[in-house]
Amino acid sequence: MQGFKALLVEEEQGQHRASVVERGVDELPAGDLLIDVRYSSVNYKDALSARGNKGVTRNYPHTPGIDAAGIIIESDDAGFNAGDEVIVIGYDLGMNTAGGFGQRIRVPAGWAVPLPEGLTLRESMVLGTAGFTAALCIEKLLHNHVAPDRGDVLVTGATGGVGVVAVALLARLGFRVVASTGKQEQEGFLREAGAAEIVTRESLLDDSQRPLLKERWAAAVDVVGGETLAGVLKAINYGGSVACCGLVGSPALNTAVFPFILRDVNLLGVDSVNQPLPRKTELWTKLATQWKLDNLESLSTEIGLGELVDTLENIFQGITVGRAVLNLQR
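Residues numbered from 1 in each chain as written. Predicted model: local features only at pLDDT ≥ 70, side-chain atom pairs only at ≥ 80, totals over all residues. Heavy atoms only, no water.

Enquirer: Help me out: how do you make sense of the overall build of the chain in this one?
Expert: When helices and strands are counted, the chain shows eight helices and 15 strands. Its C-alpha radius of gyration of 20 Å places the chain within 12% of the 20 Å reference for a compact globule of 330 residues. The principal-axis extent of the C-alpha atoms belonging to the chain is close to 65 × 45 × 35 Å. Considering only contacts in the chain between residues 6 or more positions apart, those separated by 24 or more positions represent 70%. (Helix = DSSP H or I, 4+ residues; strand = E, 2+ residues; numbered from the N terminus. Rg over C-alpha atoms; globule rule 2.2 N^0.38 Å. Contact = heavy atoms within 4.5 Å.)

Below, the structure written as structure tokens:
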């Protein structure tokens, strides 16, 4: 079988260098499915892997890419056939298993979800892990009785991958969405995504030492953590909820119990990596049907392998906007 192109991160004397190289299928790990990857997407975790973060990837050389969508070439599993279109996100893909920044991956069948009718391979990667995570956050809010008539919903880090999809999905479901960002020049982009109001990230911080602030938000999707999350919790309405799924600001949370015991606030943790496969299949189907976004294209920028190294650095530096979709055929 012919070789394929992939981004390879190599380590030498503690330094990590990424470049596009030719690889062979025999270099891939064992697995039930050999997949021709057509699209991937670029995430913050990929940027960490490309920079040698041992909390994400232990051993190098390595091909990052926690998302992949493509067509099965070979299957050793009765549940899949050659020619099937599939989505693979989460589990160990792109962390310690060669990931979606290569034109081929080999993975266990238990990692793959059939592409649902209503989504193209490319659309699935406009969403990717980020969009899937945003959808998980919103499902948790809905499960905890958050509804459009209860007030505004805040989304922090709104120009990032999770944030912008959360804005679009919440608006699609009828919520009035307030988007928080440090990129005020992107107000037009956020309003096009569905935000009704834009606030600065600084406006969410509180150093007053007060245990609670004036009630302001019915709920929130937080991807920032740290001081931002602490400030948001103080301003959640009675009985409201915050879905927490990120730490781009800080993994620390210095807060008091008052929002929880005086305002009945719920802090909801969200993980997308190890969701059971039936749960992933169910949510992907929802994203292809009743939650299908009609503005997906406006949320994304397409790149090829030749632009990937620069895009990873930009994501790490926090200067990207929206979703970066990697076309492996370019």
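Enquirer: Hey, could you run me through the packing of helix α2 (residues 121-143) against helix α7 (residues 277-288) in this one?
Expert: How two helices sit against one another is set out by the angle between their axes and by the gap between those axes. At a closest axis distance of 10 Å, the pairing of α2 and α7 adopts a crossing angle of 105 degrees. For the element pair α2 / α7, the angle class is roughly perpendicular. On α7, the residues touching Ser124, Leu127, Gly128, Phe132, Ala135, Leu136 and Glu139 of α2 are Arg279, Lys280, Leu283, Trp284, Lys286 and Leu287. Along the lines of polarity and charge, the residues of the contact of α2 with α7 split into seven nonpolar, two polar and four charged. (Axes fitted to C-alpha atoms, helices over the stretch in contact; angles between N-to-C directions. Parallel < 35°, antiparallel > 145°, perpendicular 65-115°, else oblique. Nonpolar A, V, L, I, M, F, W, Y, C, P; charged D, E, K, R; others polar.)

Enquirer: Just checking my understanding: could you explain the nonpolar core for this structure?
Expert: Counting 56 residues, the largest nonpolar core has Val155, Val167, Leu169, Leu170 and Trp284 as its most contacted members. Among the elements that take part in this core, α2 stands out by supplying 12 residues, more than any other. Leave out the neighbours within four places in its chain, and Leu170 touches Ile138, Val153, Val155, Phe175, Val177 and Val221. Leu33, Ile35, Phe80 and Ala112 belong to the second largest nonpolar core, which has 30 residues in total. (Core = buried A, V, L, I, M, F, W, Y, C linked by side-chain atoms within 4.5 Å. Buried < 20%, exposed > 50% of the residue type's maximum accessible area, 1.4 Å probe, protein only.)

Enquirer: How should I be thinking about the environment of Thr63 in this particular structure?
Expert: Inspection of the secondary structure puts Thr63 in the loop between α1 (44-50) and β4 (67-75). Thr63 sits in the buried class, given a relative accessible area of 3%. Distance from Thr63 to Asp32, taken between C-alpha atoms, is 19 Å for residues 31 residues apart in sequence. Setting aside residues up to four positions removed in sequence, Thr63 forms contacts with Ala6, Leu7, Leu8, Arg23, Gly94, Thr97, Ala98, Gly99, Phe101 and Gly102. Polar side-chain contacts of Thr63 include one of 2.9 Å to the backbone oxygen of Leu7. (Polar contact = N/O pair within 3.5 Å; in protein donor to acceptor, adjacent residues only side chain to side chain.)

Enquirer: Explain the state of the cysteines here, please?
Expert: Two cysteines form a disulfide when their sulfur atoms are joined by a covalent bond. Tallied over the full model, the rule gives zero disulfides. Residue Cys137 stays outside any disulfide, its sulfur separated by 3.7 Å from that of Cys245, the closest cysteine. Residue classification places Cys137 among the buried residues on the basis of a relative accessible area of 0%. Free of any disulfide, Cys244 has its nearest neighbouring cysteine sulfur in Cys245, separated by 6.8 Å. (Disulfide = S-S within 2.5 Å.)

Enquirer: So what exactly am I meant to see when it comes to the sheet that holds strand β10 (residues 197-200) here?
Expert: Two pairing modes exist for strands in a sheet, parallel and antiparallel, and in both the strands are linked by backbone hydrogen bonds. What the six strands build is an open sheet, ordered β10-β9-β8-β11-β12-β13; its pairing is parallel. With partners counted over all chains shown, the strands left at the sheet margins are β10 and β13 (266-269), one partner each. Across this sheet, the average inter-strand angle for adjacent strands is 20 degrees, counted without regard to direction. Examined bridge by bridge, strand β8 (residues 153-155) and strand β9 (residues 177-181) share three bridges and lie parallel to one another. Note that in β9 the partner of Val153 across the bridge is Val177. Strands β8, β9 and β11 (217-222) of the sheet are contacted by helix α3 (residues 161-172), whose axis makes an angle of about 160 degrees with β8. (Pairing = 2+ DSSP bridges.)

Enquirer: Even after reading the chapter, I still don't get the pairing of strand β2 (residues 15-23), so can you show me in this structure?
Expert: Look at any regular strand and the pattern is simple: side chains alternate between the two faces of the sheet. As paired elements, strand β1 (residues 4-12) and β2 share nine bridges and run antiparallel to each other. Bridging across to β2, Leu8 finds its partner in Ser19. Remark: two residues form the turn of the hairpin made by β1 and β2, two consecutive strands paired antiparallel; Gln13 in that turn has positive phi of roughly 50 degrees.

Enquirer: So what exactly am I meant to see when it comes to a nonpolar patch on the surface here?
Expert: Together, Val257, Phe258, Ile261 and Leu262 make up an exposed nonpolar region whose accessible area comes to about 380 Å². With respect to the secondary-structure elements, Val257 resides in the loop between β12 (236-244) and α6 (258-262). (Patch = residues over 30% accessible without salt bridge, like charges linked within 9 Å, V, L, I, M, F, W, Y side chains within 5 Å. Areas by Shrake-Rupley, 256 points an atom, 1.4 Å probe, with all protein chains shown as cover. Salt bridge = Lys/Arg side-chain N within 4 Å of Asp/Glu carboxyl O.)

Enquirer: Teacher, can you tell me more about the pattern of salt bridges here?
Expert: Close approach of charged atoms allows side chains of opposite charge to pair. Considering all chains together, one arrives at 22 salt bridges under this definition. Across the pair Lys234 and Asp206 runs a salt bridge whose closest N-O atoms are separated by 2.9 Å. With a gap of 28 residues between them, Lys234 in helix α5 (residues 226-234) and Asp206 in the loop between β10 and β11 connect regions that are remote in the sequence. For Asp206, a relative accessible area of 23% translates into the label partly exposed.

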